[in-house]
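# Structural characterization, general
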Amino acid sequence: MPAAEFAKYDLTSRSAKNHRKQIREALKFRPATRADEDQLIVWLADEVCPVELVEDRQRDALLVECWARKIEPPGRIDRILTAAQSRAEKAFCTRTIERLGQVCTVRLLALVAEGNEDGTALLASLKRDPGAVGLDSLLTEITKLNDVSRPTSSDGT
């Protein structure tokens, strides 16, 4: 069938729905369920996202997995990808924090905790642009250096 003819085919018609059903039956595929989506999210987060960061490749891996499981690709692929990426990021952060140990974790949290004179976190303060060169900006940058080089107390903070 020429591609131009296929473009005229109404994919929302009753005939199209019937044709999709016939194709699924012939290929022994089935529509994806919510449980399939949840399983695909777990699979993507555990197997693909930790080793593949490019979203298009994650999408390709998802489609290959759908083919292998003989399920029709879900209509909510973007939601599945986003949920899997979020789950993988949370797992990565949890593993990283567990490996760092308590002292290092406390110091990292101190970097993002609100606490200096203007109420911003130390990390936000460090990232702030120094502005025009002058005595005030020089003193501000010296204060930042002192804040970073300040030794930690015995409780790890």
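Residues numbered from 1 in each chain as written. Predicted model: local features only at pLDDT ≥ 70, side-chain atom pairs only at ≥ 80, totals over all residues. Heavy atoms only, no water.

## Points about the overall build of the protein
Scanning the protein from N- to C-terminus turns up eight helices and zero strands. In the protein, the succession of helices and strands from N to C terminus is α-α-α-α-α-α-α-α. Across the protein, contacts joining residues at least 24 apart in sequence account for 52% of those joining residues at least 6 apart. Accessible area for the protein stands at about 11,700 Å²; split by element, carbon and sulfur atoms hold 59% of it. (Helix = DSSP H or I, 4+ residues; strand = E, 2+ residues; numbered from the N terminus. Contact = heavy atoms within 4.5 Å. Areas by Shrake-Rupley, 256 points an atom, 1.4 Å probe, with all protein chains shown as cover.)

## Remarks on the packing of aromatic side chains
Across all of its chains, the model carries one aromatic pair by this definition. Relative to Trp67, the ring of Phe29 has its centre 4.9 Å away and its plane inclined at 50°; by these criteria the two rings are tilted. In this pair, Phe29 is assigned in the loop between α2 (14–27) and α3 (34–48) and Trp67 in helix α4 (residues 55–69), connecting sequence segments 38 residues apart. Accessibility expressed as a relative area gives 55% for Trp67, which makes it exposed. Sitting above the plane of the Trp67 ring, Lys70 keeps its charged end 5.9 Å from the centroid. (Phe/Tyr/Trp six-rings, centres within 6.5 Å; stacked < 30°, edge-to-face > 60°. Buried < 20%, exposed > 50% of the residue type's maximum accessible area, 1.4 Å probe, protein only. Lys NZ or Arg CZ within 6 Å of the ring centre and 35° of its normal.)

## Focus on the confidence of the model for the protein
Caution applies to low-pLDDT parts of the model: their predicted coordinates are not meant to be read in detail. Per-residue confidence for the protein gives a mean pLDDT of 85; residues scoring 70 or more make up 89%. Across the protein, element-level confidence peaks in α3 with a mean pLDDT of 96 and bottoms out in helix α7 (residues 122–127) with 72. (pLDDT = per-residue confidence, 0-100.)

## As for the pattern of salt bridges
Counting across every chain of the model gives ten salt bridges. Arg30 is paired through a salt bridge with Asp36; the nearest N and O atoms lie 2.5 Å apart. In this structure, the salt-bridge partner of Glu55 is Arg59, at a minimum N-O distance of 3.3 Å. Here Glu55 and its partner Arg59 are both found in helix α4, four residues apart, which amounts to about one turn of the helix. Exposure remark for Glu55: the relative accessible area of 36% places this residue in the partly exposed category. Looking at Arg59, the relative accessible area reads 24%, which means it is partly exposed. By sharing partners, the salt bridges in this structure join Glu37, Arg76 and Arg79 into a single network. (Salt bridge = Lys/Arg side-chain N within 4 Å of Asp/Glu carboxyl O.)

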